[in-house]
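# Remarks on the overall topology
One-letter residues, chain by chain:
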Amino acid sequence: MTRIAVLGSTNMDLVAYVKTAPRRGETVTGHEFRTIPGGKGANQAVAAARAGADVALIGAVGTDEFGARLRAALDGSGVDTDLVRTTEGPSGTAHIVVDAHGGNAIVVIPGANASVTHLGPGDEALISGAESLLLQLELPMDTVVEGAKAARRHGVRTVLTPSPVQPLPPELLAATDLLVANEHEAAALTGIDDPKAAARALLELVPEVVVTLGARGSLYTARGQDPVAVAAPEVTAVDTTGAGDTFVGALAVALGEGRAMPEALAWASDAAALSVQRPGAVAAMPYRKEIDAAAEGTTP
């Protein structure tokens, strides 16, 4: 069983489902509202745990009701939360609008996540014992950099999701092994709209890059190698919230198990395709037997 550490956020997702998302200044009527555990760190941790890894999360929740629910959801999915801090005040929240096509728009309020300003006692030891460290950008940047440097010191693979998009410090890039960005993030980071060209530009910053393309699959590039494109399964999306995090979590598991990148990407795509057919982020993430069945074209 591969061991994965996640340094990242926990949020309660406050999700409104609508036929069409409102434009600026417009009010629309929705048909459903849910509160669902999420946050990019928690999402990736749960995705990796359900995909079959031994996973621990470093982060924080608040002292509100959401904090208790977030911790319980992580524990229930098999994520080790011993190093998830409890910080006085509100937990992080994500305010999400999901339209009839499964598309979403998100506003994140950091809450307790903003209190994770440095690694705490035991954090580096946990990172040193993992095979991969998953990072995102919903925690303070200094902490993300500190975590990446700790991983580099101990020879741990760092997988960075550059979301929400913001300038990436050179010291973070220097400690990143694999960058996984969606096509919009890749374009924002490089100023290049074409995903293949954007991926090539990102290779000047990090050794390996995956650009996810939604329903069109994913593209992998590495220094000195030819690009690899992997198609995604054709499915009808209900809610794409958390699909990218599902992909990253499953990809980290597949790579940790020694699978070649094309096979790992295909397996991660199967996991993400399962997730978009269900509402929510954490609630929608598939378990190992479901991913294996999808990969084999069978029913679990």
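These numbers were taken from a predicted model, which means no experiment stands behind them.

## A short note on empty space enclosed by the protein
According to the stated counting rule, one finds one cavity of 30 Å³ or more in the structure shown. Its volume calculated, the largest cavity comes out at about 30 Å³. Lining the largest cavity are Arg157, Val159, Leu178, Val248, Leu251, Ala252 and Leu255. Elements with a minimum of two residues in the lining of the largest cavity: strand 9 (157-160) and helix 8 (243-256). Residues of the lining of the largest cavity, tallied by class, amount to six nonpolar, no polar and one charged.

## Regarding the packing of helix 1 (residues 40-50) against helix 8
It is at 7 Å that the axes of helix 1 and helix 8 come closest, and there the two elements cross at 45°. Classified by the angle their axes make, helix 1 and helix 8 are oblique. For helix 1 against helix 8, the interelement crossing comes out right-handed. Residues Lys40, Asn43, Gln44, Ala47 and Ala48 of helix 1 form the contact with helix 8, whose participating residues are Asp245, Thr246, Val248, Gly249 and Val253. The class makeup of the residues in the contact of helix 1 with helix 8 is four nonpolar, four polar and two charged.

## Let's talk about the UniProt feature "active site" (unreviewed entry) in the protein
As recorded in UniProt, the sites labelled "active site" (unreviewed entry) are Asp245. Note on placement: aspartate 245 falls in helix 8. On the basis of relative accessibility, which here comes to 3%, the residue aspartate 245 falls in the buried class. Residues contacting aspartate 245, with those up to four places away along its chain left out, are Lys40, Asn43, Gln44, Ala47 and Met285.

## Quick look at helix 4 (residues 141-153)
When the terminal C-alpha atoms of helix 4 are compared, their 18 Å separation across 13 residues agrees well with the 18 Å that a helix rising 1.5 Å per residue should span. All of the buried residues along helix 4 are Met141, Thr143, Val144, Val145, Gly147, Ala148, Ala150 and Ala151. If you follow the buried residues of helix 4, they end up packed against strand 1 (3-7), helix 3 (123-128), strand 8 (132-135), strand 9 and helix 5 (170-174). Glycine 155, located one to two residues past helix 4, shows a positive phi value of around 70°.

## Things to note about the sheet that holds strand 3 (residues 30-38)
Read across the sheet, four strands follow the order 3-2-6-7 without closing on themselves; strand pairing throughout is mixed. Two strands lie at the open edges of the sheet, namely strand 3 and strand 7 (104-109), each paired on one side alone. Averaged over all adjacent pairs, the angle separating strand axes in this sheet is 15°, with direction ignored. In terms of strand pairing, strand 2 (residues 11-18) meets strand 6 (residues 92-98) through seven bridges, oriented parallel. Its bridge partner being in strand 6, aspartate 13 is matched across the sheet by alanine 94.

## Some points on the UniProt feature "binding site: ATP" (unreviewed entry) in the protein
Here, the residues flagged by UniProt with the feature "binding site: ATP" (unreviewed entry) are Asn182, Thr212, Leu213, Gly214, Ala215, Arg216, Gly217, Gly244 and Asp245. Lining residues of the largest pocket drawn from the annotated list: Asn182, Thr212, Leu213, Gly214, Ala215, Gly217, Gly244 and Asp245. Looking at the element boundaries, glycine 214 is found in the loop between strand 11 (208-212) and strand 12 (218-222). With respect to the element layout, glycine 244 can be found in helix 8. Under the relative-accessibility criterion, glycine 244 is labelled partly exposed at 42%.

## A closer look at the pattern of salt bridges
Evaluation of the coordinates by the stated rule reveals 13 salt bridges. As a salt-bridge pair, aspartate 292 and arginine 288 come within 3.3 Å of each other at their nearest N and O atoms. Of the two residues, aspartate 292 and arginine 288 both sit in helix 10 (residues 288-296), four residues apart, roughly one turn of that helix. Counted as one network, the salt bridges with shared partners bring together Glu257, Arg259, Glu263, Arg288 and Asp292.

## Describing the pairing of strand 9
Here strand 8 runs beside strand 9; their pairing, made up of four bridges, is parallel. Looking at the pairing, leucine 133 lines up with threonine 158 of strand 9. Relative to strand 10 (residues 178-182), strand 9 runs parallel, the two sharing two bridges. Residue pairing across strands places leucine 160 opposite leucine 179, the latter belonging to strand 10.

## So, the sheet that holds strand 13 (residues 228-230)
Taken together, nine strands build an open sheet; the order of strands is 5-4-1-8-9-10-11-12-13 and the sheet is mixed. Single-partner strands in this sheet number two, and they are strand 5 (84-87) and strand 13. Shown here is a sheet whose adjacent strand axes are inclined to one another by a mean of 15°, direction ignored. Across the sheet, helix 4 is in contact with strand 1, strand 8 and strand 9; its angle to strand 8 comes to roughly 165°. Taken strand by strand, helix 8 contacts strand 1, strand 8, strand 9, strand 10, strand 11 and strand 12, and its axis lies near 150° from that of strand 10.

The rules behind these values
Residues numbered from 1 in each chain as written. Predicted model: local features only at pLDDT ≥ 70, side-chain atom pairs only at ≥ 80, totals over all residues. Heavy atoms only, no water. 1 Å grid on protein atoms, 1.4 Å probe; cavity = no way out; pocket = protein on both sides within 12 Å on 5 of 7 lines; lining within 4 Å. Points joined across faces, edges and corners; volume = space filled by probe spheres on them. Helix = DSSP H or I, 4+ residues; strand = E, 2+ residues; numbered from the N terminus. Nonpolar A, V, L, I, M, F, W, Y, C, P; charged D, E, K, R; others polar. Axes fitted to C-alpha atoms, helices over the stretch in contact; angles between N-to-C directions. Parallel < 35°, antiparallel > 145°, perpendicular 65-115°, else oblique. Left-handed = near helix turned anticlockwise from the far one by under 90°. Contact = heavy atoms within 4.5 Å. UniProt positions renumbered as here; feature names shortened; annotations may be inferred. Buried < 20%, exposed > 50% of the residue type's maximum accessible area, 1.4 Å probe, protein only. Expected span 1.5 Å × (residues − 1). Pairing = 2+ DSSP bridges. Salt bridge = Lys/Arg side-chain N within 4 Å of Asp/Glu carboxyl O.

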